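Tertiary structure, described
Below, each chain spelled out in residue letters.
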Amino acid sequence: MKLTLASTLSDRTRPLHDGRAKVEGFEIAPLAGEPEDLFRTAMREARHEITELSMASHMLSVARGDSRYIGVPVFPSRAFRHGAIYIRTDRGITRPEDMAGRIIGTPEYQQTAALWVRGMLREQHGVDTRGISWRSGGERTPLSLPPDMDVQVIAPGDTLEGMVAEGRLDAFIGPRPPACFLNRTAPVARLFADTRAAEEAYHRTTGFFPIMHCIAVRRDVAAAHPGLPAALHRAFAEAKAMALAELAMVNVLRISLPWIAQEAARQTEFMGGDPWPYGFARNRDEIAAMCRYALADGLTARELAPEELFHPSTLAL
């Protein structure tokens with residue numbers, strides 16, 4: 001059966017796009033795209049049989065009972081998000097605790113990057129994130145939040161980048177830096193000046209390498225082909241192994257960084273031999289934390305069990 005696989009293009013997914021890794025028993029038509037477009041298409045249309053999906057949006061729809069996709073415990077995107085917090089330097093914000101009570105913008109309140117930052121602010125720094133006034137650039141699916149929360153979509157014609165540059169926001173959380181930070185046209189800086197040190201300290205404390213996206217199969221397709229989720233898990237694991245092997249090749253550098261082999265060795269020493277772990281059991285604690293964060297954020301009305309998010313055939317893989 002021919003199935004469309006829509007995902008971002010990275011060293012971990014490229015072998016599936018170029019045919020080096022196969023999904024046993026299925027013909028795959030790969031489609032590369034940017035996360036925002038893929039997620040919007042998945043949440044509004046469920047157009048593709050297999051798709052990369054925002055973990056936060058996946059949790060949201062599963063909790064609401066209207067999810068059209070079921071997850072596979074393959075996580076093609078993970079990222080530490082300390083470097084995604086930008087502050088106005090003229091507001092007296094010098095440490096995470098100073099974020100309390102502020103007006104903070106984020107591309108989407110339901111965005112996974114923002115979910116991780118709010119969880120970190122609460123659990124590592126004691127910040128009451130419900131006391132923050134959140135300003136969103138727009139939401140891919142409607143939210144039903146508790147009435148005591150101040151979460152507002154910005155007015156038409158406004159932009160979050162403009163608002164932080166003009167000083168109408170105290171801070172901004174997002175995976176892409178605002179233009180005024182890059183251009184140095186406003187007093188905006190990262191909250192954590194040494195982001196790597198902060199992120200390594202966080203990893204030592206929690207053991208987490210924050211999951212951003214998962215792979216998901218449309219539920220009608222999974223029902224018709226119950227072997228597909230496990231086959232996808234095997235194929236993505238094979239593709240990831242190819243990518244990690246390339247990092248250590250020194251005869252011809254496959255990655256455009258001069259010291260990539262040394263960086264790979266440092267990464268292995270710090271995070272272990274598989275810094276991008278797939279599989280449910282290995283990631284259950286981290287997924288449970290995400291479910292806890294989603295409830296505290298008001299994104300879900302109940303705390304999900306991590307098992308609810310993934311196809312039963314994949315839980316023991």
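Residues numbered from 1 in each chain as written. Predicted model: local features only at pLDDT ≥ 70, side-chain atom pairs only at ≥ 80, totals over all residues. Heavy atoms only, no water.

Grouped burial of nonpolar side chains is what soluble globular proteins tend to show. Among the nonpolar cores identified, the biggest contains 53 residues, and Met99, Leu115, Ile287 and Leu309 are the most heavily contacted of them. The element contributing the most residues to this core is helix 11 (residues 280–296), with seven residues. Sequence-distant contacts of Leu309, defined by excluding residues within four places in its chain, comprise Met55, His58, Met59, Val62, Ile70, Gly71, Ile287, Cys291 and Leu304. Grouped together as the second largest cluster of nonpolar side chains are 22 residues, Leu16, Val72, Ala235 and Phe236 included. (Core = buried A, V, L, I, M, F, W, Y, C linked by side-chain atoms within 4.5 Å. Buried < 20%, exposed > 50% of the residue type's maximum accessible area, 1.4 Å probe, protein only. Helix = DSSP H or I, 4+ residues; strand = E, 2+ residues; numbered from the N terminus. Contact = heavy atoms within 4.5 Å.)

Strand order in the open sheet made by the six strands is 8-7-6-9-5-10, with mixed pairing throughout. In this open sheet, the two strands that pair with only one neighbour each are strand 8 (151–153) and strand 10 (188–190). Pairs of neighbouring strands in the sheet enclose a mean axial angle of 25°, with direction left out of account. Of the pairings in the sheet, the one linking strand 6 (residues 103–106) to strand 9 (residues 171–173) comprises two bridges and is parallel in character. By the bridge assignment, Ile104 is partnered in strand 9 with Ala171. (Pairing = 2+ DSSP bridges. Axes fitted to C-alpha atoms, helices over the stretch in contact; angles between N-to-C directions.)

Taken in spatial order, the five strands of this open sheet run 2-1-3-11-4, and their pairing is mixed. In this open sheet, the two edge strands, each paired with only one partner strand, are strand 2 (27–32) and strand 4 (69–78). The mean angle between the axes of side-by-side strands here comes to 30°, regardless of whether they run parallel or antiparallel. Across the sheet, helix 2 (residues 35–44) lies against strand 1 (2–7), strand 3 (50–54), strand 4 and strand 11 (211–218), angled at about 105° from strand 3, the strand it touches most. Running over the sheet, helix 9 (residues 228–247) touches strand 1, strand 3, strand 4 and strand 11 and is turned about 10° from strand 4.

What follows is about the side chain of Arg78. Residue position: Arg78 is located in strand 4. Here Arg78 falls in the buried class, since its relative accessible area comes to 6%. Separated by 2.8 Å, the side chain of Arg78 and the backbone oxygen of Pro277 make a polar contact. In terms of polar contacts, Arg78 uses its side chain to reach the side chain of Glu286, at 3.4 Å. (Polar contact = N/O pair within 3.5 Å; in protein donor to acceptor, adjacent residues only side chain to side chain.)

With that out of the way, let us pick up the pairing of strand 6. Relative to strand 7 (residues 133–136), strand 6 runs parallel, the two sharing four bridges. Across the sheet, Ile104 pairs through a bridge with Trp134, a residue of strand 7. As a crossover connection, the stretch from strand 6 through helix 4 (residues 112–125) into strand 7 is right-handed. (Right-handed = clockwise from strand over helix to strand, strands pointing away.)

Once that is clear, we can look at the packing of helix 7 (residues 195–206) against helix 10 (residues 260–271). Interaxial distance between helix 7 and helix 10 falls to 11 Å at its minimum, and their mutual angle equals 35°. Every residue of helix 10 that contacts helix 7 at Arg196, Glu200, His203 and Arg204 is listed here: Glu263, Arg266, Phe270 and Met271. When the residues that make up the contact of helix 7 with helix 10 are grouped by side-chain class, the tally is two nonpolar, one polar and five charged. (Nonpolar A, V, L, I, M, F, W, Y, C, P; charged D, E, K, R; others polar.)

This brings us to helix 11. The first and last C-alpha atoms of helix 11 sit 23 Å apart over 17 residues, in line with the 24 Å expected at 1.5 Å per residue. At Glu286, helix 11 is bent by approximately 35°, the largest bend along its length. Taken together, the buried positions of helix 11 are Phe280, Asn283, Glu286, Ile287, Ala288, Ala289, Met290, Cys291, Tyr293 and Ala294. If you follow the buried residues of helix 11, they end up packed against helix 3 (55–64), strand 4, helix 4 and strand 11. (Expected span 1.5 Å × (residues − 1). Bend = angle between axes of the 7 residues up to and from the residue.)

With respect to burial, strand 11 is a largely interior element, eight of its eight residues being buried. In this sheet, strand 11 lies alongside strand 3 in antiparallel orientation, the contact comprising five bridges. What sits directly across from Ile50, in strand 11, is Val217. Pairing of strand 4 with strand 11, which is carried by six bridges, proceeds in the antiparallel orientation. When the bridges of strand 11 are listed, Val72 appears paired with Ile215.

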